[in-house]
Amino acid sequence: MAAALVIAVGWLLGWPQVQPVPQLNVAAIDDLGARLAGLEAKVGRPPAADPRLDALDKSIAALRSELAATRAQSDKLAAAATGAKALPDLSAITARIDRIEGAVKAQNAEIAKQDSKIADTKAEAKPADDTPLRRLVAASLLDVAVRHGDPFVTSLAAAKALADDPDVLKPLDAFAASGVPNANKLCRELIEIVPKLAPPQQDATTGTGLVDRLQAGASKLIHIERTDDAGTGTDRGSIVARMTSAAVHNDLARAERELRSLPPADRSAAQAWIERVDARRAALDASRKFADNAMAALASVNQ
């Protein structure tokens, strides 16, 4: 279009003069001028604004503002750090803390080592034998029951379970359920036997009268004996009298001694009583001996 315009202008001015130019259409020239004017208007007009570019410009501006504020704050912090005092030296405190921690670790290791040794010692050690002590307790309880005349079935069973030789307690079996009789009870039993041990009474008269028969019957119904000391006579009557006196005074040892001084035939009525006294003595001796041996065994263990 510019070239056509130049050519048209040159043609109007008569250039080139040598060669004639065919006459142009005026309408075409007007059209070219209008088109040129439109191009010039387009070239001089600023481009239309894009909304996305405006938003982008606004974001960039905001970022620039934030960056400037951040730089200002950083500069302030740097200035404050430069002007601040120097931090205290904590190396000594750190070293002490390290030493304390090391000591605690070493102590814990030593404690763990000692605990391990104690555990090994307990595992290897045998449990203490408390049999002597338990035997002594059982023997003491048994002996108390025997001395008091109480039944001792349970105590006897416990003592036999702890005894080295249960046969030593065999004399106690006969009295386990009823208890060992005491001296007073045995003396009362002996008094009941005395009439069977007294010598037979001879008839004072052989008359056949009514008075004689009444006297003879009375002598059989009433029998009077002395219960005090009957001297030192060795006859049957004197011995029974002394035995009776001892039994009345609950002197079991003397009553037994007087009874045993009678001939076997004269004391046959009291033989069961004598055996009962012997069994009682054996039971008391067995109980006392068992308790003494238990005490000696415990003393030897503690030494």
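The notes below deal with the structure included here. Because the structure is a prediction, the values reported are computed rather than measured.

Regarding the packing of helix 5 (residues 131-148) against helix 6 (residues 153-162)
So, point 1. Taken N-terminus to C-terminus, the directions of helix 5 and helix 6 make an angle of 150°; their axes are 9 Å apart at the nearest point. With respect to helix 6, the axis of helix 5 lies roughly antiparallel. Once helix 5 is placed against helix 6, the crossing between them reads as left-handed. Here Arg134, Arg135, Ala138 and Leu142 of helix 5 come into contact with helix 6, specifically with Ser155, Leu156, Ala158, Ala159 and Leu162.

Let's talk about unusual backbone geometry
So, point 1. Backbone geometry at asparagine 250 places phi at a positive 55°, although glycine is not the residue there.
So, point 2. Along the chain, asparagine 250 turns up in the loop between helix 9 (236-248) and helix 10 (252-260).

Regarding the nonpolar core
So, point 1. Among the nonpolar cores identified, the biggest contains 20 residues, and Leu142, Val146, Phe152, Leu156, Leu169, Leu172 and Val180 are the most heavily contacted of them.
So, point 2. Elements represented by at least two residues in this core include exactly helix 5, helix 6 and helix 11 (271-302).
So, point 3. It is helix 11 that provides the largest number of residues to this core, a total of six residues.
So, point 4. Residues contacting leucine 142, with those up to four places away along its chain left out, are Phe152, Ser155, Leu156, Ala159, Leu169, Leu172 and Ser287.
So, point 5. Val240, Met243, Ala255 and Leu262 belong to the second largest nonpolar core, which has 19 residues in total.

Re the environment of aspartate 251
So, point 1. Inspection of the secondary structure assignment puts aspartate 251 in the loop between helix 9 and helix 10.
So, point 2. Classification of aspartate 251 as partly exposed rests on a relative accessible area of 32%.
So, point 3. Contact partners of aspartate 251, with chain neighbours within four places excluded, come to Cys187 and Ala246.
So, point 4. At 3.3 Å, the side chain of aspartate 251 forms a polar contact with the backbone nitrogen of arginine 254.

Conventions adopted
Residues numbered from 1 in each chain as written. Predicted model: local features only at pLDDT ≥ 70, side-chain atom pairs only at ≥ 80, totals over all residues. Heavy atoms only, no water. Axes fitted to C-alpha atoms, helices over the stretch in contact; angles between N-to-C directions. Helix = DSSP H or I, 4+ residues; strand = E, 2+ residues; numbered from the N terminus. Parallel < 35°, antiparallel > 145°, perpendicular 65-115°, else oblique. Left-handed = near helix turned anticlockwise from the far one by under 90°. Contact = heavy atoms within 4.5 Å. Core = buried A, V, L, I, M, F, W, Y, C linked by side-chain atoms within 4.5 Å. Buried < 20%, exposed > 50% of the residue type's maximum accessible area, 1.4 Å probe, protein only. Polar contact = N/O pair within 3.5 Å; in protein donor to acceptor, adjacent residues only side chain to side chain.

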